[in-house]
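# Structural description and commentary
Take a look at the letters that make up each chain.
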Amino acid sequence: MRQGWFKSLFLTMLTGIILAAPVMAQGDKDTAAVSVDPNKEVYPGVKRGDTLIVEDPSGTLINPDSFNVWNVWAGGNGGVSNGLQQLGMDTLWYLDPDAGIDGPWHNSLAAAPPVYNSDYTQMTVKLKKGIYWSDNVEFTAADVKYTVELLKQTPTLLFGSTFGVFVDKVETPDNYTVVFKLTKPNSRFHRNFTVRWNACWIMPKHVMEKDIKVPNDALAYTFNPPVSLGAYVLKDYDKQGTWTLWEKRKDWNRTTIADFGEPAPPYVMYVDAGPSDKRVITQANHELDMIHSIAPEGIIKLSENEWESNWFNGFPWGHPDPTLVAILPNNAKAPFDNVDVRWALALSLDMKKMALASYKGAVTMSPIHYPPTGGSREWYFDPMQDYLKNFSIDTGKGVIKPYDTTIAQQIADAARKNFGDAVPSDPERIKDVIGQGWWGYNPEAAAALLEKNGFTKKNGKWYKPNGEQFTISLLNWGPGNPVLARLGTMVAELWTNFGIDTTATYSQDNGTQYNLGEYDVNMGWNIETWGGHPDLSYFVDTWHSDFYKGIGEMVNGRNGVRYKSAALDKIVDEINVTEFDSDRNIELGLEFLKLTTKDMPTIPLMSYNVFSSQDNTFWSGYPTFDNPYANPVTNWGNGRYIMTQLKQMMPPTK
């Protein structure tokens, strides 16, 4: 690996960035002041004009030698968003959170959608023929069977516990047919092989069976170099974890991306782009084509340039990911196991202050356990309004109705001070952009709920029934995500002002504390939806008690808050025997939302509006609100499709 060479290049780039910073600070739209040279080498023999440079939001990788995508969340600490899942991996289907190139659903390795038997205990998949691994071995049903069986025997790997619960056996009657025999009905089993952000990536049996003699060998397996099933292969990477370079396969037409044509960039480099302000300056100097996310003030500054594009042309700028930003209390740890305490924490928060602190008001809030994106207003938010308005809580000192429909207007009025007329004034548009309501700031009701449960307040501080001071350690985001970091800081400030001393701490443990349940409260999300479909299966299946893990056990799924409910189990069980596209599916979704409103296992806040930014100097054709063929956020698996829609603007001199 050429770490010394890249370090020299990086220092040269950094010097240029620093020298050019005043140009950006003045808002100069003239790019002539910045060197734009398509023949500049970004790697020996690799020219800038041939390379798409993309931010890897993971930052500097802890273990860059590992490309074991199945182990990264279980402690492997390798890269996922460094192009591995976007360019090198593949699976059966993709369901785009936006419109898709020819519709949201794409049969990728599968030749057609899944076929279930009448009671959903069997799923049959027909595979495409003529798809090859990068080492010239054909992809077949044996690869799918091997993947599922190995993961089933290794429950700590990604999707391992799911297959352990649901898969009885896998049969391959021929090279292009896979039959999954399930242990119990599951009409959503295909969800495990359907990419929205990621899914169960298929393993190359002919490669991995040579090195993995027993299932536990897979835990330490590095998959380096990765044998690719996508249109790109790994060319090189930095041993210090700051960049990964991919090269287009000569036989790209023997991959599933060929359904949409040839990918444009000959090379794609994923880089640790540094904190938000550095990303802004780097893109202003045309050294970073795709920014994953920056602070709101950064996107506003970059949007002053004609060469820049983003999802919206104006407020609220950011792409609304189908991801619910929430406060995640540890439901298995006292006092957060008490629903009254969780509601007290919610009612001691001021949404207007949180919206302004995080997104400067460019926020789409949610009072329910579902992100306000895609068709969610029609499916869930409008139907839930009467329930929310009539929902009541007995605080012990009286009954209150906590839902406040005036908060969106308050946020709009406050945001207008920052963004002027870009903020809508039409009430219906405000509902679409900002939301329809949230829980009213009510510290008196919050105090009553705590007192109802034996808490006392002395000298402005809350004490638990056992006499210990009530304090909270909040796992927060770091400088790589300034929006959520500021949000977490504001949450800590609000709770501290209420009398619960709260410390917001940035942890670089890659989620280990959260997944082990060794935490008080986490700032993040455990609810992600399809975006273009109302079904809940993308996240709710592993909330079933079959997957429940106690404190100290690693969660393999999305229930890191360790919420357990018999009523929820009943909902999930029925989802698993309900047609994916049926009306009953939405009814079950509404039942889930009413249950979680009552229990408040997490405190839902807002959609994850991602302020992505693209430079059109070397490449153009990125997805936008007007051309929503893919999510522009750089770490999503469906980023592979962007490569086929890009146009090379400044080819280097050959």
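Residues numbered from 1 in each chain as written. Predicted model: local features only at pLDDT ≥ 70, side-chain atom pairs only at ≥ 80, totals over all residues. Heavy atoms only, no water.

## Points about the overall build of the chain
- When helices and strands are counted, the chain shows 20 helices and 29 strands.
- Computed over the C-alpha atoms, the radius of gyration of the chain is 25 Å, within 12% of the 26 Å expected from 2.2 N^0.38 for a compact globule of 654 residues.
- Dimensions of the chain, computed from C-alpha atoms along their principal axes, come out at roughly 75 × 65 × 45 Å.
- Put simply, the chain has 654 residues, and 59% of those count as buried. (Helix = DSSP H or I, 4+ residues; strand = E, 2+ residues; numbered from the N terminus. Rg over C-alpha atoms; globule rule 2.2 N^0.38 Å. Buried < 20%, exposed > 50% of the residue type's maximum accessible area, 1.4 Å probe, protein only.)

## Considering helix 10 (residues 351–359)
- Along helix 10, the positions that sit buried rather than exposed are M351, M354, A355, S358 and Y359. Angular distribution of buried residues about the axis of helix 10 spans 100 degrees; they occupy a single face of the element.
- Among the residues of helix 10, the N-terminal cap falls to D350, whose side-chain oxygen and the backbone nitrogen of K352 are separated by 3.1 Å. (Arc of directions from axis to C-beta. Polar contact = N/O pair within 3.5 Å; in protein donor to acceptor, adjacent residues only side chain to side chain.)

## Observations concerning the nonpolar core
- Within the largest apolar cluster, 193 residues are counted, with the highest numbers of intra-cluster contacts made by F180, F189, F193, M354, W438, I603 and L605.
- At nine residues, helix 15 (residues 482–498) tops the list of elements feeding residues into this core.
- Formed jointly, this core draws a minimum of three residues from each of two domains, domain 1 (43–291 + 613–648) and domain 2 (319–610).
- With near-sequence residues (within four places) excluded, I603 lies in contact with A326, I327, P329, R342, L345, A346, L349, W438 and W495. (Core = buried A, V, L, I, M, F, W, Y, C linked by side-chain atoms within 4.5 Å. Domains from an automatic or database assignment. Contact = heavy atoms within 4.5 Å.)

## Section: the environment of S348
- Of note, S348 is situated in the loop between helix 9 (339–347) and helix 10.
- It is 48 Å that separates the C-alpha atoms of S348 and F180, two residues lying 168 residues apart in sequence.
- Ignoring anything within four residues of it in the chain, the contact list for S348 reads Y441, A446, L494, W495 and F498.
- A polar side-chain atom of S348 sits 3.0 Å from the main-chain carbonyl oxygen of A344.
- There is a polar contact of 3.0 Å between the side chain of S348 and the backbone oxygen of L345.

## Things to note about the domain arrangement of the chain
- Partitioning the chain into structural domains gives domain 1 (43–291 + 613–648) and domain 2 (319–610).
- Computed from C-alpha coordinates alone, the two centres of domain 1 and domain 2 are separated by 30 Å.
- Facing 38 residues of domain 1, the contacting portion of domain 2 comprises 34 residues.
- Counting the surface lost from both domain 1 and domain 2, the interface buries some 2700 Å², and carbon and sulfur atoms represent 49% of this. (Buried area = accessible area lost by both parts, 1.4 Å probe.)

## Remarks on the sheet that holds strand 5 (residues 105–107)
- The mixed open sheet is built from three strands, whose spatial order is 5-4-10. Whereas interior strands pair on both sides, the edge strands pair on one side only; in this sheet they are strand 5 and strand 10 (194–195).
- As paired elements, strand 4 (residues 93–95) and strand 5 share three bridges and run antiparallel to each other. Bridging from a neighbouring strand, L95 pairs with W105 of strand 5. (Pairing = 2+ DSSP bridges.)

## A few points about the packing of aromatic side chains
- All chains considered together, the criterion is met by 38 aromatic pairs.
- Relative to Y641, the ring of F260 has its centre 5.2 Å away and its plane inclined at 85 degrees; by these criteria the two rings are edge-to-face. With F260 in the loop between strand 12 (243–248) and strand 13 (267–271) and Y641 in the loop between strand 28 (619–620) and helix 20 (642–645), this pair connects stretches of sequence that are 381 residues apart. When sorted by exposure, F260 lands in the same class as Y641, which is buried.
- With centroids separated by 5.6 Å and ring planes inclined at 55 degrees, the aromatic side chains of F315 and F419 adopt a geometry described as tilted. Of this pair, F315 sits in the loop between strand 15 (308–309) and strand 16 (319–329) while F419 sits in helix 12 (residues 407–419), and the two are 104 residues apart along the sequence. Accessibility classification places F315 together with F419 in one group, the buried group.
- What links up through ring pairs into an aromatic cluster is the set F159, F163, F180, F189 and F193. (Phe/Tyr/Trp six-rings, centres within 6.5 Å; stacked < 30°, edge-to-face > 60°.)

## Describing the pairing of strand 23 (residues 471–476)
- Alignment of strand 23 against strand 24 (residues 501–506), held across six bridges, turns out to be parallel. The residue bridging N476 from the neighbouring strand is Y506, located in strand 24.
- Between the parallel elements strand 23 and strand 24, the chain passes through helix 15 in a crossover that is right-handed. (Right-handed = clockwise from strand over helix to strand, strands pointing away.)

## Considerations on the side chain of T147
- Here T147 shows up in helix 3 (residues 141–152).
- Residue T147 is classed as buried on the basis of its relative accessible area, which comes to 0%.
- In this view, T147 contacts C200, W201, I202 and M203; residues no more than four positions away in its chain are not counted.

## Remarks on the sheet that holds strand 8 (residues 167–174)
- Taken together, four strands build an open sheet; the order of strands is 6-7-9-8 and the sheet is antiparallel. Each edge of the open sheet is held by one strand with a lone partner, namely strand 6 (115–116) and strand 8.
- In terms of strand pairing, strand 7 (residues 122–126) meets strand 9 (residues 177–182) through five bridges, oriented antiparallel. The residue bridging T124 from the neighbouring strand is V179, located in strand 9.

## Topic: the packing of helix 18 (residues 566–575) against helix 19 (residues 583–599)
- Direction vectors running N to C along helix 18 and helix 19 enclose 165 degrees, while the axes themselves pass 10 Å from each other. In this view, helix 18 runs roughly antiparallel relative to helix 19, as classed from their interaxial angle. Every pair of crossing elements has a handedness; the one defined by helix 18 and helix 19 is left-handed. Each of A567, L568, I571, E574 and I575 in helix 18 lies in contact with helix 19, whose residues at this interface are R584, L588, E591, F592 and L595. (Axes fitted to C-alpha atoms, helices over the stretch in contact; angles between N-to-C directions. Parallel < 35°, antiparallel > 145°, perpendicular 65-115°, else oblique. Left-handed = near helix turned anticlockwise from the far one by under 90°.)

## Things to note about the packing of helix 9 against helix 14 (residues 443–452)
- The N-to-C vectors of helix 9 and helix 14 enclose an angle of 160 degrees; their axes lie 8 Å apart at closest approach. Judged by the inter-axis angle, helix 9 sits roughly antiparallel to helix 14. Judged by the sense of rotation from one axis to the other, the crossing of helix 9 with helix 14 is left-handed. Counting all contacts with helix 9, which are made through D340, V341, W343, A344 and L347, the residues of helix 14 involved are P443, A445, A446, L449, L450 and K452.
- Taken together, the residues of the contact of helix 9 with helix 14 break down into nine nonpolar, no polar and two charged. (Nonpolar A, V, L, I, M, F, W, Y, C, P; charged D, E, K, R; others polar.)

## Focus: the confidence of the model for the chain
- When pLDDT is averaged along the chain, the result is 91; 94% of the residues meet or exceed 70.
- Counted against residues more than four places away or in other chains, residues 1–32, with its pLDDT under 50, gives 45 contacts. (pLDDT = per-residue confidence, 0-100.)

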